Amino acid sequence: MAAKINMKVMMLSIFCLLLPMNTMAMIATETFSIDDVKQGSLVFENAQGETALALPMQTEVSMQVSGWINRVSVRHEFKNNSSDWVNGDYLFPLPNEAAVDQLKLHIGDRVIEGQIQPKAKAKAIFEQAKAQGKKASLLEQRRPNIFSTKVANLAPNELLIVELTYQETLDYRDGEFSLRFPMVVAPRYAPEQTASVYNVTANEARALSDEIGRSTKPAEYAKYYAKQEQSSFNIHNQVSALRLISEAGRVYQRGNNNRINLKVTFDSAMPIEQIRSPYHQINVDVAEDGGALVSLQGEAIANRDFVLSWQPIQGSEPTAAVFSQVGKTHGTHIPSVSTELNLTPSNLAPSKSATEQSSDMAMPALPASDKYALVMLIPPQGATQHDLVIPRELILVIDTSGSMSGDAIIQAKAALKYALAGLRPQDSFNILQFNSEVEKWSDRAMHATAVNLGRAQNYINRLQANGGTEMSIALNSALNIETGIDNKEHAPNRLRQVLFITDGAVANEAMLFEQIEAQLGESRLFTIGIGAAPNAHFMQRAAQLGRGTFTYIGKLDEVNHKVVSLLEKIEKPQVTDVDLRFSDGSVPDYWPVRIPDLYADEPLLVAVKLPSYVSNDLLIQGQLAGQFWQRRLSVNATEQAKGLDLVWARKQIAALELSKQGANRERVEKQITAIAMNFHIMSAYTSLVAVDLTPSKPQGVEAKLAKVMQHLPRGWQGSLQTLPQTGTNSYVFIIFGSVLLLLAVLYRLSFRRPEISEEGR
């Protein structure tokens, strides 16, 4: 009996020791499922439902910057090099505040224009066209910063170009403009359990995590999935997850990179200088009239966000407070499709030849109607002159999950140290780290003494990245942490500021947004994005709800400047409780409704709809250092712009999404659908669909397969031999197996001693 038990223990020990090797072998095998897509990757589907990938010919991005507005065209070019007909599906990221309003499908010399429809109807139109052998395209929003496009019936050897156009506003702070274009979607973590009080189920978060996680190269997704599940130490879940990935199929094509060309054109309305891109090599050509053309030096691999910044030439800094347009970009009449889904020329836009098309970036004429404006809220310039120094309680929160391994954790730890260096003797502070759990450096906030700062520096040096990204418990600790007994007498006069340093790689954003709104209190939340491709949707929305700001750090040598600048900004008096009113006391229709605090050198843009009959001035008012502050703006002194109605509609949709709860979900969805249909923009409940009226694919022809290569964000890559410690849970199995093996040996030796004693007698 003892021998049998000993044998079982030995077998289990050997299994635990070999399991990590098996895991690595499984990871080394490239596998594939329907969601294995990345920036500019095309998924083909055959009649049996099998899927595979095709390599895109090229991704072309063209931007036109004018003042505060950026008009962007994104062209994904694909070539069906096979002799078979194909259907396609691909995912790609866009800026989370992009107002996508146009879709064009270029096939040969044909250009098919998309129309906005409710999501279900658009999908039905596409599926019917696909079944009828017609060329069609469907653009859907999966998340505010993730979109998908389906194409149907691409002929052999045809070149397919899917072009979409969007509108966005630029970021302006510290006298510098900037724009960001995401090129890759990073995998995201979903917590095992999601609190039901926030009306978000764990299944929904897990579905998001799986969808985006499987959008990586399958072998790399297997690594990340193991990292995700590490904190549970559930052997069954680990093996099952890798088995499901393995069963999906195999991808044979390797060694190809998704590449992108990008150019930015500046008009001469605002002469600029100091044009730079911190993460890519660029060419800059400045025209005599003050305009400029910026382009990448060669093609870039689509594995990190593109960022471009520039400064207005001295004397041309933005001073106008209102930019406006009259009327809407798109007409109110939207071609409809009957409930029978008859695809006729009367309800779908006909295709045109390429030579008949106007400029890629052209905007439709604006009918006379209401006025749409961007109101620039400029902090009072005298704010920097106030002598009042308010003590603050600074809570530093750092993400030490597995996704932060590598460059990200180095940057995050450096940010913490610079933040500590900026503390004053009258300040207090604490440090929280979180992964699968949350840990406090101190039970309470401590005074910023030399001794405490030294202890904190040592604590930071020991931080390592591993485990999951349980952000909810971190927010709960940060927003509810006690000030401490020795500080209570000063607590009412202290600024309570939370610096949250993370890559935002989570799937349960909606729950976290509700949690921030419920628990914020008098605190202010400032997010600092780390890494090559942070989740800007979460970072920006969290900062907005937290009445703070979002700062992005993409490489180590940016840490000092950006962290110091942030600390200097938030230690100065800011304008709080900001709102807009007409001079007669009435309230305009503006978004966001909850305007964030105004910080020094960081103007805010608020989108406003002004009825045509309104002639009153706008009043901006709030509290500055405990005193009432007000400024008057003339709505007539404006600069003409285009596409501001799209920005207004997109901001309104974002605000409605944040207000959505279980009780009002249906009503909010109807409101968003109506706004999106009225302004011809994408949303979670509307899609753009384009259908060619003439069937092109012969009946009975089946689609075939193709393949592609995918990318993880820059800094996440690594050979299988150099995975970070938390890349998989193999070390857990090794330790567990070694312990069992040792126990088995000791157990066996316990039976050997009596035998030896008997022999001695």
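Above this text is the structure in question.
Residues numbered from 1 in each chain as written. Predicted model: local features only at pLDDT ≥ 70, side-chain atom pairs only at ≥ 80, totals over all residues. Heavy atoms only, no water.

## Quick look at the overall build of the protein chain
Quick note on the threshold: Helical segments are the DSSP runs of H or I of at least four residues, strand segments are the runs of E of at least two, and each set is numbered from the N terminus. Burial classes follow relative accessibility: with a 1.4 Å probe on protein chains only, a residue under 20% of its type's maximum area counts as buried, one over 50% as exposed, and anything between as partly exposed. Pairs of residues are marked as contacts when any of their non-hydrogen atoms sit within 4.5 Å. What sets the accessible areas is the Shrake-Rupley method with a 1.4 Å probe; for residues, cover comes only from the shown protein chains.
Each helix and strand counted, the protein chain has 14 helices and 36 strands in total. Looking at the protein chain residue by residue over its 761 residues, the buried ones come to 57%. Here the analysis covers contacts within the protein chain between residues at least 6 apart in sequence; of these, 79% occur between residues at least 24 apart. Looking at the protein chain as shown, the accessible area adds up to about 31,400 Å², and 51% of this sits on carbon and sulfur atoms.

## With respect to unusual backbone geometry
In this chain, W591 is followed by P592 through a cis amide linkage whose omega measures 0°. Locating P592 in the fold gives a position in the loop between β31 (589-591) and β32 (604-610). The phi dihedral of N157 falls on the positive side, at around 60°, and the residue is not glycine. Of the residues examined, N157 reaches a relative accessible area of 51% and is grouped as exposed. Phi angles above zero are rare outside glycine, and D577 is one such case at about 55°. Tracing the sequence through the fold places D577 in strand β30 (residues 575-582).

## Some points on the packing of aromatic side chains
For clarity, the threshold we go by: Here the aromatic set is Phe, Tyr and Trp, taking the six-membered ring for Trp, and pairing holds for ring centres within 6.5 Å; pairs whose planes are under 30 degrees apart are stacked, those over 60 apart are edge-to-face, and all others are tilted. Over a ring means this: the NZ of a Lys or the CZ of an Arg is within 6 Å of the ring centre and within 35 degrees of the ring normal.
Taken as a whole and assessed by the stated rule, the structure comprises 15 aromatic pairs. Here F177 and W310 contribute two aromatic rings whose centre-to-centre distance is 6.0 Å and whose plane-to-plane angle is 10°, an arrangement assigned as stacked. Taken together, the positions of F177 in strand β13 (residues 176-181) and W310 in strand β19 (residues 306-312) put the pair 133 residues apart, joining distant regions of the chain. As far as the burial class goes, F177 and W310 line up, both buried. Three or more aromatic residues link up through ring pairs in this structure, and these residues are W68, Y172, F177, F266, W310 and F323. The ring of Y552 carries the charged tip of R180 above its face, separated from the ring centre by 3.6 Å.

## Observations regarding the side chain of T149
With respect to the helices, strands and loops of the structure, T149 is situated in strand β10 (residues 146-154). Once you skip the residues sitting within four places of it in the chain, T149 turns out to touch G88, D89, Y90, F92, S137, L138, L139 and V162.

## Details of helix α6 (residues 407-421)
The line we're drawing: Helix span, expected: 1.5 Å multiplied by one less than the number of residues in the helix.
For α6, with 15 residues, the first-to-last C-alpha span of 22 Å sits near the 21 Å given by 1.5 Å per residue. Inspection of α6 places A408, I409, Q411, A412, K413, A414, A415, L416, A419 and L420 among the buried residues, and these make up the whole buried set.

## Some words on the pairing of strand β11 (residues 159-169)
Let me state the cut-off plainly: The pairing criterion is simple: DSSP has to find at least two bridges between the two strands.
By the criterion of burial, β11 is predominantly enclosed, with 10 of the 11 residues buried. Pairing between strand β4 (residues 69-79) and β11: 11 bridges, direction antiparallel. The residue of β11 that forms the bridge with K79 is L159. In this sheet, β11 lies alongside strand β6 (residues 99-107) in antiparallel orientation, the contact comprising 8 bridges. Looking at β11, one finds that L105 is bridged to V162.

## Digging into the packing of helix α8 (residues 471-480) against helix α9 (residues 509-519)
Going by this rule: Here an axis means a line fitted to C-alpha atoms, over the contact stretch when the element is a helix, while the angle between two N-to-C directions is reported on a 0 to 180 degree scale. Roughly parallel means an angle under 35 degrees; roughly antiparallel means over 145; roughly perpendicular covers 65 to 115; every other angle is labelled oblique. Only Asp, Glu, Lys and Arg are considered charged, only Ala, Val, Leu, Ile, Met, Phe, Trp, Tyr, Cys and Pro nonpolar, and every remaining residue, Gly among them, polar.
Contact geometry of α8 with α9 gives a least axis separation of 10 Å together with a crossing angle of 10°. If you check the angle between α8 and α9, you find them roughly parallel. Contacts between α8 and α9 involve M471, S472, L475, N476, L479 and N480 from the first element and M511, L512, Q515, I516 and Q519 from the second. Grouping the constituent residues of the contact of α8 with α9 by class yields 6 nonpolar, 5 polar and no charged.

## A look at helix α13 (residues 665-679)
The terminal C-alpha atoms of α13 lie 21 Å apart, and with 15 residues this matches the ideal 21 Å at 1.5 Å per residue to within 8%. Among the residues of α13, V668, I672, T673, I675, A676, M677 and F679 are the ones counted as buried. Those residues of α13 hidden inside the fold are in contact with β8 (115-118), β22 (371-377), α12 (644-659) and β36 (686-695).

## Some remarks on the sheet that holds β13
Strands sit in the order β12-β13-β19-β15 across an open sheet of 4 strands; the sheet is antiparallel. In the strand order of this sheet, the two ends are held by β12 (171-173) and β15 (272-276), each with one partner. On average, each strand axis in the sheet is tilted by 25° relative to the strand beside it, whichever way the strands run. For β13 and β19, the ladder comprises 5 bridges, and the chain directions are antiparallel. The residue of β19 that forms the bridge with R180 is V307.

## Some points on the sheet that holds strand β33 (residues 618-624)
Backbone-to-backbone hydrogen bonds pair the strands of a sheet. The strands run either parallel or antiparallel. Reading across from one edge, β30-β33-β34 is the order of the 3 strands in this open sheet, with antiparallel pairing throughout. A strand with exactly one partner marks an edge of an open sheet, and here the two such strands are β30 and β34 (627-633). Neighbouring strand axes in the sheet, compared pairwise and without regard to direction, differ in orientation by 20° on average. Here β33 runs beside β34; their pairing, made up of 7 bridges, is antiparallel.

## Considerations on the side chain of T551
Tracing the backbone through its elements, the reader meets T551 in strand β29 (residues 550-553). The exposure class assigned to T551 is buried, which follows from its relative accessible area of 9%. Apart from the residues within four sequence positions on either side, T551 is in contact with R173, T527, I528, G529, K562 and L566.

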